[in-house]
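Descriptive structure summary
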Amino acid sequence: MKRRRFLAATAIFSLLASTPAVAVNKVAARKPAVRTAPKTTARPGQKLAYKNNARKSPAKPLAAGSEAQPVRTALTLPEEPPEQWRTYEITSQISVQKVRGRVRVWLPLAQYKDSVWQRSLGHRWDGNFETAGIYRDPTAEMEVFVAEWKEGVANPQLRMVSQVATQDRHFDITRRNVAAERTAVLRSCLQPLNGVSEEALRHLAERAVGRVKDPVAQGKAIYDWVVDNTVRDPLGSGCGTGNIAAMIEGGRFSGKSADIALLFVGLCRSIGMPARPVFGLRVDSSRLFSSLGRSGELAQSQHCRAEFYAPGYGWIPVDPSDVRTAIAEEHLGPADAKLAVLRKLLFGFWEMNWIGFNAAQDVSLRDAFGDTPLPRGAGASLPFLVYPQAESADGRFSSLDGDRLGYRVAARRING
């Protein structure tokens, strides 16, 4: 019955809306190569690296830069939604200028581990780099492409073409006995957030959950608290900084998607509930609200969601920041019926017009080259890795510094 109510809510809404260590093998630069990597199983904590290749079956070249086709609005949903996979080709172009010395670039890629909601179908690349390769971190389920240019290259260039298949992700409360997550993963998703007062977070979380003991209900209570007490900051850069300590100390829970998602994660972890952010990129329009889809230049469409773990159910997806985005961009009032349905929908549902990259936090770029000397300050870790990063003799900078690191993205919907 609960399942039917959830699916009915999604149908009603459609009608209402109508709208630690990193390692890289250096390889000689060459023309784009398309090879299939051998199937490899990684043990927990194992680091994998392989040379220029394409994982799984390489995709046929399609015209880069084409616009993604809009998703059709579904007026009704079946009792058990069939698999509806959509395939996207994402073309990323990077150029570096106004820098000195050798140049290195880190480009985050789509999650390599297949799931019920996303599959990575392979990559191909070219450019005038000297060496390049892909780094895989099984613990964070993260892949990063790393390229290096020797000193004197006038205009470092890189082009990466990736294919990813997605389908909408639904949480079904009627289904239990999901295979348990690995203990090491759950332990890592209980670590306190850097620089944040655990006592302050625990106080807020306990106030949100009250006497609720069921893990799913606790997650829902924290989700509702975050939606009710946060504000989307339209002036923030990118998807935010993830500085939750500043939010707690200032008593104002305002920020972008990474800030809001990490607040949810921190609150869950403070009461012993495993949770993690998932960083990614919007690549298509939304059938819910236009503000929840791609808009403008995709290089600025990074978006962070979250998930928490409940025994028996596995990972449950949430997206409180998109509720706040819809409130701000669609001018939804507290009594708006669309808002009521959206709040229910985004607890347990991800519309997969978005590509998940990784759930990594406190990422150290120094580890990506082992003992290779890096510029001063390069050892400082990043709170997360969702933007391309570059380093030269002038230091580290990201794609948010458009004067030095040019970054363009185009997404094309191939089928589905």
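Here the structure is shown first, and the text comes after it.
Residues numbered from 1 in each chain as written. Predicted model: local features only at pLDDT ≥ 70, side-chain atom pairs only at ≥ 80, totals over all residues. Heavy atoms only, no water.

Positive phi values are uncommon outside glycine, yet lysine 98 reaches one of about 60°. You can call lysine 98 exposed: its relative accessible area is 66%. Even without glycine at this site, aspartate 362 takes up a positive phi of about 55°. Residue position: aspartate 362 is located in the loop between strand 15 (354-358) and strand 16 (389-392). (Buried < 20%, exposed > 50% of the residue type's maximum accessible area, 1.4 Å probe, protein only. Helix = DSSP H or I, 4+ residues; strand = E, 2+ residues; numbered from the N terminus.)

Turning our attention to the sheet that holds strand 11 (residues 275-282). Here we have four strands laid out as an open sheet, ordered 13-12-11-15, and antiparallel in their pairing. Looking at which strands have only one partner, the edges of the open sheet turn out to be strand 13 (314-318) and strand 15. Recorded for the sheet is a direction-independent mean angle of 40° between the axes of neighbouring strands. Direction of pairing for strand 12 (residues 302-310) relative to strand 13: antiparallel, over a ladder of five bridges. Within strand 13, the position partnered with alanine 310 by the bridge is glycine 314. Helix 4 (residues 215-229) contacts strand 12 and strand 13 of the sheet and is inclined by roughly 150° relative to strand 12. Each of strand 11, strand 12 and strand 13 is contacted by helix 7 (residues 320-329), which is oriented at about 135° to strand 12, the strand it contacts most. (Pairing = 2+ DSSP bridges. Axes fitted to C-alpha atoms, helices over the stretch in contact; angles between N-to-C directions. Contact = heavy atoms within 4.5 Å.)

So, about the pattern of salt bridges. Summed over the entire model, instances satisfying the criterion amount to 21 salt bridges. Linking glutamate 89 and arginine 124 is a salt bridge whose minimum nitrogen-to-oxygen distance equals 3.5 Å. Here glutamate 89, found in strand 2 (residues 86-96), pairs with arginine 124, found in strand 4 (residues 118-127); they are 35 residues apart in sequence, far enough to count as distant. With a shortest N-O distance of 2.8 Å, lysine 220 and aspartate 224 are connected by a salt bridge. In this pair, lysine 220 and aspartate 224 are both assigned in helix 4, four residues apart and thus about one turn of the helix distant. Overall, the relative accessible area of 27% leaves lysine 220 in the partly exposed class. Linked by salt bridges that have partners in common, Arg102, Arg104, Glu130 and Glu148 make up one network. (Salt bridge = Lys/Arg side-chain N within 4 Å of Asp/Glu carboxyl O.)

Pairing within the open sheet is antiparallel, and its four strands lie in the order 4-7-2-18. Edge positions in the sheet fall to strand 4 and strand 18 (405-415), since each has one partner strand and no second. Going from strand to strand, the sheet's axes swing by 15° on average, the running direction of each strand aside. Where strand 2 meets strand 18, ten bridges bridge the pair, whose relative direction is antiparallel. Across the sheet, residue tyrosine 88 finds its bridge partner in strand 18, namely arginine 413.

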